[in-house]
Amino acid sequence: MASKPQELAARREALVARCADQRALLAQDYSQLASPATFGAIPAYAIRHKKAALIVGGVAAGLFITRPKWAVGAVTAAVSAYQFAQKLLPILRWKGFEIH
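These numbers were taken from a predicted model, which means no experiment stands behind them.

This part is about the overall build of the chain. Each helix and strand counted, the chain has 5 helices and 0 strands in total. Taken from the N to the C terminus, the helices and strands of the chain come in the order α-α-α-α-α. Once local pairs closer than 6 in sequence are excluded, the contacts in the chain between residues at least 24 apart make up 27%. Accessible area of the chain: about 8,400 Å², with a carbon and sulfur share of 69%.

This part covers helix H5 (residues 68-91). The terminal C-alpha atoms of H5, which comprises 24 residues, lie 35 Å apart, in line with the 34 Å expected from a rise of 1.5 Å per residue. Along H5, the residues that are buried comprise Ala71, Ala85 and Leu89. In this structure, the buried residues of H5 make contact with helix H4 (50-66).

Turning our eyes to something else, we now look at the layout of surface pockets. Quantified by volume, the largest pocket comes out at close to 360 Å³. Forming the boundary of the largest pocket are Ile42, Tyr45, Ala46, His49, Ala52, Ala53, Val56, Ala60, Val75, Ala78 and Tyr82. Of all the elements in the fold, those that place two or more residues in the lining of the largest pocket are helix H3 (41-48), H4 and H5. Tallying contributions element by element places H4 first for the lining of the largest pocket, with 4 residues. Partitioning the lining of the largest pocket into residue classes produces 10 nonpolar, 1 polar and no charged.

We now examine the confidence of the model for the chain. Taken as a whole, the chain shows an average pLDDT of 81; of its residues, 85% reach a score of 70 or greater. Looking at the elements of the chain, mean pLDDT is at its lowest for helix H2 (residues 36-39), recorded as 68, and at its highest for helix H1 (residues 4-33), recorded as 92.

Attention now goes to the packing of H4 against H5. The packing of two helices is summarised by the inter-axis angle and the distance between the axes. Relative to each other, H4 and H5 sit at 130 degrees, their axes nearing to 5 Å. It follows from the interaxial angle that H4 and H5 lie oblique. Touching Leu63, Phe64, Ile65 and Thr66 of H4 are Pro68, Trp70, Ala71 and Val72, all from H5. Across the contact of H4 with H5, the residue classes tally to 7 nonpolar, 1 polar and no charged.

The rules behind the values
- Residues numbered from 1 in each chain as written.
- Predicted model: local features only at pLDDT ≥ 70, side-chain atom pairs only at ≥ 80, totals over all residues.
- Heavy atoms only, no water.
- Helix = DSSP H or I, 4+ residues; strand = E, 2+ residues; numbered from the N terminus.
- Contact = heavy atoms within 4.5 Å.
- Areas by Shrake-Rupley, 256 points an atom, 1.4 Å probe, with all protein chains shown as cover.
- Expected span 1.5 Å × (residues − 1).
- Buried < 20%, exposed > 50% of the residue type's maximum accessible area, 1.4 Å probe, protein only.
- 1 Å grid on protein atoms, 1.4 Å probe; cavity = no way out; pocket = protein on both sides within 12 Å on 5 of 7 lines; lining within 4 Å.
- Points joined across faces, edges and corners; volume = space filled by probe spheres on them.
- Nonpolar A, V, L, I, M, F, W, Y, C, P; charged D, E, K, R; others polar.
- pLDDT = per-residue confidence, 0-100.
- Axes fitted to C-alpha atoms, helices over the stretch in contact; angles between N-to-C directions.
- Parallel < 35°, antiparallel > 145°, perpendicular 65-115°, else oblique.

Spelled out as structure tokens, the structure:
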């Protein structure tokens with residue numbers, strides 16, 4: 001019969017192996033999410049550059065709070081341009097802008 005320390009060491013070893021497998025699976029899933037093929041070029045860029053995306057979001061939120069009329073117009077124009085690009089770029093055979 002195995003003693004208590006040997007039993008604990010075996011359980012710890014199994015847990016370490018399980019954690020390593022989970023880390024590998026998580027890294028693989030993250031790399032798939034961060035690839036442009038999954039969501040398109042812009043969301044993939046935002047995933048890879050989280051800090052810059054958060055800064056841009058914070059600035060946009062600040063503009064929206066301080067100057068709502070101007071911010072709403074700018075957001076509307078940006079969304080319209082994005083939708084236009086989504087329709088136009090696949091016609092031009094540039095597939096990096098699609099959202100799946």
